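Each chain is listed here by its residues.
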Amino acid sequence: MATLLSLTPPPPKPPPNPIINPTNPRQPNAPSNPSRRNLFASLCALSLALFPVPASIAETASPPSKSILSGIANTKSWFRFYGNGFAIRVPPLFEDDYSAGLSLYGDKAKPKTYAARFQSPDGSEVLSVVIRPSNQLKITFLEAKDITDMGSLKEAAKLFVPGGSTLYAARTLKVKEEEGFRTYYFYEFGRDEEHFALVAAANSGKVFIAGVAAPQFKWDDDGVKLRSAAVSLMVL
């Protein structure tokens, strides 16, 4: 099930990039879907809630007949966002939902939910990145240096895929770096008429999770773009 991705080492991290379109608030007529926002937050903010997964979820998943790479677009022309220890490509026209990362009680009192968050102009499609200490996701005294420290692809599904979901695909991706290979876990699943894809990686005791979410009817048209955004996650 492993897919080998041979990539060149990422470039040096540039200065923090500015807020994207800070003067362009969400369109007043754009539809708002707080239930989707809350659902995606619950899926990705793993330190707040871990979802139990039936033991059969990984066993019953049916891998697609084609490689995941056949459903990935070339993202080199997309804007590359650099965060704290990671980089990710942002789909065209997606806006920086910078207010989503702000703490309601002050940055010192409550950690930010998202390390990065972007959305489509109508707010129906979301790309988010969260970072969590590995010992918050799995009881261990060791700092996770690779996502495999969190368990196998099947075992880690219990941490990243919520119970009751339909698992469409689970893959191990290996990315070439200067000192060897880094492993990324990819999961794609559906829940309550929503479609999700996420990629998880670990480094220096932290787990980086990039996730995308959209209504199923939107995924039929934009799934390749959204999946490509999640897979573009690079731990620096």
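Every value quoted in this text rests on a predicted model; they were computed, and no experiment measured them.

Draft legend 1. Looking closely at the sheet that holds strand S3 (residues 86–90). Here three strands make up an open sheet; going across it, the order is S2-S3-S11 and the pairing antiparallel. Each having just a single partner strand, strand S2 (79–82) and strand S11 (234–235) make up the two edges of the open sheet. Note that S3 and S11 share two bridges and pair antiparallel. When the sheet's bridge partners are listed, alanine 87 is paired in S11 with methionine 234.

Draft legend 2. View of helix H5 (residues 216–231). For H5, built from 16 residues, the straight-helix expectation of 22 Å at 1.5 Å per residue is missed by more than 12%, its first-to-last C-alpha distance being only 19 Å. Aspartate 222 marks where H5 bends most, by close to 85°. Among all positions in H5, only Trp219, Gly223, Leu226, Arg227, Ser228, Ala229, Ala230 and Val231 are buried. Buried residues belonging to H5 abut S3, strand S6 (126–133), strand S7 (166–177), strand S8 (180–191), strand S9 (194–203) and strand S10 (206–215).

Draft legend 3. Seen up close, the confidence of the model for the protein chain. When pLDDT is averaged along the protein chain, the result is 76; 64% of the residues meet or exceed 70. Low confidence marks residues 1–32, where pLDDT is under 50. Its contacts with residues over four positions away, or in another chain, come to 51 contacts. Throughout residues 34–66 the model reports pLDDT below 50, and contacts reaching past four residues in sequence, or to other chains, amount to 69 contacts.

Draft legend 4. Quick look at the environment of phenylalanine 86. Along the chain, phenylalanine 86 falls in strand S3. For phenylalanine 86, a relative accessible area of 0% corresponds to the buried category. Those residues in contact with phenylalanine 86 that lie beyond four places of it in its chain are Phe81, Ala115, Ala116, Val129, Ile131, Phe208, Leu233, Met234, Val235 and Leu236.

Draft legend 5. Structural view of the nonpolar core. If you look at the biggest cluster of nonpolar residues, it comprises 31 residues, and the most contacted ones within it are Phe86, Ile88, Tyr184, Val212 and Leu233. The dominant element in this core, judged by the number of residues it contributes, is H5, at five residues. Counting 24 residues, the second largest nonpolar core, distinct from the first, contains Leu137, Ala157, Ala200 and Ala202.

Draft legend 6. Representation of the pattern of salt bridges in the model. What the rule picks out here adds up to five salt bridges. Of the charged contacts, one joins arginine 117 and aspartate 97 as a salt bridge, the two residues approaching to 3.2 Å between their closest N and O atoms. A residue pair is termed long-range when its members are at least 10 positions apart, and arginine 117 in strand S5 (residues 116–119) and aspartate 97 in the loop between strand S4 (95–96) and S5 qualify at 20 residues. For the pair formed by arginine 117 and aspartate 97, the shared burial category is buried.

Draft legend 7. Region of interest: the pairing of S3. Within S3, five of the five residues are buried, leaving the element largely enclosed by the surrounding structure. Where burial is concerned, the two faces of S3 agree: the one with Phe86, Ile88 and Val90 and the one with Ala87 and Arg89 are both buried. Taking the residues between adjacent antiparallel strands as the criterion, S2 and S3 are bridged by three residues, where glycine 85 takes a positive phi near 90°.

Reading the values: rules and limits
Residues numbered from 1 in each chain as written. Predicted model: local features only at pLDDT ≥ 70, side-chain atom pairs only at ≥ 80, totals over all residues. Heavy atoms only, no water. Pairing = 2+ DSSP bridges. Helix = DSSP H or I, 4+ residues; strand = E, 2+ residues; numbered from the N terminus. Expected span 1.5 Å × (residues − 1). Bend = angle between axes of the 7 residues up to and from the residue. Buried < 20%, exposed > 50% of the residue type's maximum accessible area, 1.4 Å probe, protein only. Contact = heavy atoms within 4.5 Å. pLDDT = per-residue confidence, 0-100. Core = buried A, V, L, I, M, F, W, Y, C linked by side-chain atoms within 4.5 Å. Salt bridge = Lys/Arg side-chain N within 4 Å of Asp/Glu carboxyl O.

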